[in-house]
Amino acid sequence: MSRQNEDRPLPKGHQELTRRSWKWIREGLTRCAENSGDRQVCLNWCEKFPDFTVTWREILQGQHEELVSIAIKTEDYFNLPPEALVWWESIIQNHPFGVLFAKDDYAALLEKRKEERTR
């Protein structure tokens, strides 16, 4: 029986990717709570991938309020209460908020290019 992976911790990158996803989730939840346009953009994205986004649609439509509140209050994913950690674990990697941040990044990139051309 091989012990090749038995003594190895998770790759360093895995924890950082999880923390980065958590940061985006918290920012996205806050933006969607404050801005119905952002919420609709995320809901539209969820409609494109219905098999993977059922829970995210529920969240964006106001369900799971207690878990959302815990999420917004908990800066580090690994500091969540055990029950919340288990619940969020299954959906952390397929959050819809990337569409918001990609849109922001693209707009910033266009502005930067425009400034560079006018120099």
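Residues numbered from 1 in each chain as written. Predicted model: local features only at pLDDT ≥ 70, side-chain atom pairs only at ≥ 80, totals over all residues. Heavy atoms only, no water.

## Description of the confidence of the model for the protein
- Summarising the model, the protein shows a mean pLDDT of 87, and 89% of its residues fall at 70 or more.
- Taken element by element, the predicted model of the protein shows its lowest mean pLDDT in helix H6 (residues 98-117) (78) and its highest in helix H3 (residues 54-60) (97).
- Note on residues 1-6: pLDDT is under 50 here. Beyond four places in sequence and across chains, it has zero contacts. (pLDDT = per-residue confidence, 0-100. Helix = DSSP H or I, 4+ residues; strand = E, 2+ residues; numbered from the N terminus. Contact = heavy atoms within 4.5 Å.)

## Re helix H2 (residues 36-48)
- Its 13 residues give H2 an end-to-end C-alpha distance of 19 Å, which sits within 8% of 18 Å, the value for a rise of 1.5 Å per residue.
- Turning to H2, its buried residues are Asp 38, Cys 42, Leu 43 and Cys 46. Each buried residue of H2 sits inside an arc of 140° when the element is viewed along its axis, so together they form one side. Away from its buried face by more than 90 degrees, H2 exposes Ser 36, Glu 47 and Lys 48.
- Its side-chain oxygen placed 2.7 Å from the backbone nitrogen of Gly 37, Asn 35 serves as the N-cap of H2. (Expected span 1.5 Å × (residues − 1). Buried < 20%, exposed > 50% of the residue type's maximum accessible area, 1.4 Å probe, protein only. Arc of directions from axis to C-beta. Polar contact = N/O pair within 3.5 Å; in protein donor to acceptor, adjacent residues only side chain to side chain.)

## Some words on the pattern of salt bridges
- Tallied over the full model, the rule gives four salt bridges.
- One salt bridge in this structure joins Arg 19 and Asp 76, with 3.1 Å as the shortest N-O distance. Of this pair, Arg 19 sits in helix H1 (residues 12-34) while Asp 76 sits in the loop between helix H4 (65-73) and helix H5 (82-89), and the two are 57 residues apart along the sequence.
- For the salt bridge of Asp 38 with Arg 31, the shortest nitrogen-to-oxygen distance reads 3.0 Å.
- Among the residues examined, Arg 31 registers a relative accessible area of 22% and is labelled partly exposed.
- Because the salt bridges share partners, they merge into one network encompassing Glu 16, Arg 19 and Asp 76. (Salt bridge = Lys/Arg side-chain N within 4 Å of Asp/Glu carboxyl O.)

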